[in-house]
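An overview of the molecular structure
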Amino acid sequence: MLQASAYAAQSDQSGLAPFTLERRDLRPDDVAIEIDYCGVCHTDIHFVQNDWGMTQYPVVPGHEIVGRVTAVGSDVTGFKAGDVVGVGCMVDSCRHCEPCKEGLEQYCLEGMTPTYNGEDRHDHSITFGGYSEAIVVSDRFVVSIPERLDPAAAAPLLCAGITTYSPLRHYGVKPGDKVGVIGMGGLGHMGIKFARALGAEVTVFTRSEHKVPEARSQGADHVIVSTDEAQMAAAAGAFDFMLDTVPVQHDLNPYLALLRYDGTHILVGLLEPVEPPLQAGNLVLGRRVLAGSLIGGMPETQEVLDFCAEHDIACDVEMLDIRHINEAYERVQSGDVKYRFVIDMATLKGDGR
């Protein structure tokens, strides 16, 4: 067993603090990774604060992990010591159900094993995430980081990136399509980049007038302030797709009215009940689709990394000293980051412990 330094929360009120955990000895299919960078996702905050009522403490968050291979199990052939690799939101699945066989492990019928706050399928221990020095993961759930990508900026691609890339690919966004991106945060700015790279005409919807130049700087062709009724009315029936990245309850009805017939509204940020209720006529009268999407399977996660390398796409990041992680959470909650914090794990190794 390997002892590793980490940061963990001990309760929903404790915040994050130094913690020591144990990583398992290598199984035949395992890859041991020394972590260099780990992105900070809003999901991390939800689990630390037990917003969804399912946190098992202590919890070590982090599922946007990039590092270097230090050792591999006896059955591993795809990775070797020194390789730069990534680990995203899951570390196992049943591997035998239909979704798993199709490379859609995120929809495993028995439930995927999340990178943290999950139960290991072999020894039933609780999984600990990437706010740590090292991690041990089955090779099936490890991806290669292309040389052309900045490894720090690549870390958020393992969650924010794949979350927005997967639905655009699955629902068939193509050159000439008109795509609306709702929300201008960590997910939204990646949605702009991917939709543009796929050839779409991209419009950002934001409630904040001051984000208009920001959205344009990210590559948006147009920006609509969603609180402006005249702007919204002028866009009625214009869009093939809406990529909705907003993580809190919001009124979907005005956006459904902006879809053309057969248009698709894709939820990637909202996990709560839809409130206010949908006006079903917005769907029925235009044969519109309200859909959802969750990260991507392992083949598609590798695909998004390769796509980003090919198209020179990266997440905009702010590097973080892990000793300031609690302050960073406050800034994420107030929207004061453009657009993703990434922890430099050198600050964990040098924090004096």
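Structure shown above.
Summarised in this report is the structure supplied together with it. (Residues numbered from 1 in each chain as written. Predicted model: local features only at pLDDT ≥ 70, side-chain atom pairs only at ≥ 80, totals over all residues. Heavy atoms only, no water.)

Attention now goes to helix α11 (residues 325-333). Those residues of α11 that sit buried are Ile-325, Ala-328, Tyr-329 and Val-332. Along the axis of α11, the buried positions cluster into a sector of 105 degrees, meaning they face one direction only. Looking at the buried side of α11, the elements it contacts are β1 (2-9), β2 (16-23), α1 (42-48), β16 (317-320) and β17 (340-344). (Buried < 20%, exposed > 50% of the residue type's maximum accessible area, 1.4 Å probe, protein only. Helix = DSSP H or I, 4+ residues; strand = E, 2+ residues; numbered from the N terminus. Arc of directions from axis to C-beta. Contact = heavy atoms within 4.5 Å.)

Before going further, it helps to spend a moment on the side chain of Thr-127. Examined against the element boundaries, Thr-127 turns out to sit in the loop between β7 (113-114) and β8 (134-138). By relative accessible area, Thr-127 is classed as buried at 10%. In this structure the side chain of Thr-127 is engaged in a polar contact, spanning 3.4 Å, whose partner is the backbone oxygen of Thr-115. If we skip the residues at most four places from it in the chain, Thr-127 touches Val-91, Thr-113, Pro-114, Thr-115, Tyr-116, Asn-117, Gly-118 and Asp-120. (Polar contact = N/O pair within 3.5 Å; in protein donor to acceptor, adjacent residues only side chain to side chain.)

Further remarks concern the sheet that holds strand β10 (residues 178-182). Read across the open sheet, the six strands follow the order β12-β11-β10-β13-β14-β15; overall the sheet is parallel. Sheet topology places β12 (222-225) and β15 (289-292) at the edges, where each strand pairs with a single neighbour. Put simply, the sheet's adjacent strands are angled 20 degrees from each other on average, direction ignored. Pairing of β10 with strand β11 (residues 201-206), which is carried by five bridges, proceeds in the parallel orientation. Paired with Val-179 across the bridge in β11 is Val-202. (Pairing = 2+ DSSP bridges. Axes fitted to C-alpha atoms, helices over the stretch in contact; angles between N-to-C directions.)

Another aspect to go through is the side chain of Asp-177. By the element assignment, Asp-177 lies in the loop between α4 (160-170) and β10. Among the polar contacts listed, one links the side chain of Asp-177 to the backbone nitrogen of Lys-174, at a separation of 3.0 Å. The contacts of Asp-177, once residues within four sequence positions are left out, are Gly-172, Ala-200, Glu-201, Asp-240 and Phe-241.

With the rule as written, the count across this model stands at 19 salt bridges. Between Asp-221 and Arg-196 there is a salt bridge, with the nearest N and O atoms lying 3.9 Å from each other. Pair noted here: Asp-221 is in the loop between α6 (212-217) and β12 and Arg-196 is in helix α5 (residues 186-197), with a separation of 25 residues, a long-range link. A salt bridge links Arg-260 to Asp-240, with the nearest nitrogen and oxygen atoms 3.6 Å apart. Residue Arg-260 is located in strand β14 (residues 259-267), and its partner Asp-240 is located in strand β13 (residues 239-244); the two are separated by 20 residues in the primary sequence. Overall, the relative accessible area of 30% leaves Arg-260 in the partly exposed class. The class of Asp-240 is buried, set by a relative accessible area of 17%. Residues joined by salt bridges that share partners form a network here, namely Arg-24, Arg-27, Asp-30, Asp-120 and Asp-123. (Salt bridge = Lys/Arg side-chain N within 4 Å of Asp/Glu carboxyl O.)

Taken together, the side chains of Trp-52, Met-54 and Leu-271 make up a nonpolar region of the molecular surface, amounting to roughly 330 Å² of accessible area. Residue placement: Leu-271 occurs in the loop between β14 and α9 (281-284). A relative accessible area of 68% places Leu-271 in the exposed class. (Patch = residues over 30% accessible without salt bridge, like charges linked within 9 Å, V, L, I, M, F, W, Y side chains within 5 Å. Areas by Shrake-Rupley, 256 points an atom, 1.4 Å probe, with all protein chains shown as cover.)

Turning our attention to the packing of aromatic side chains. Per the stated rule, a full pass over the model turns up eight aromatic pairs. With a centroid separation of 5.2 Å and 55 degrees between ring planes, the pair formed by Tyr-165 and Phe-307 is classed as tilted. Separated by 142 residues along the polypeptide, Tyr-165 in helix α4 and Phe-307 in helix α10 (residues 298-311) bring together distant segments of the chain. Residues Tyr-165 and Phe-307 agree in their burial class; the two are buried. (Phe/Tyr/Trp six-rings, centres within 6.5 Å; stacked < 30°, edge-to-face > 60°.)

It is worth stressing that arrangement in space is one thing and function is another; only the former is reported here.
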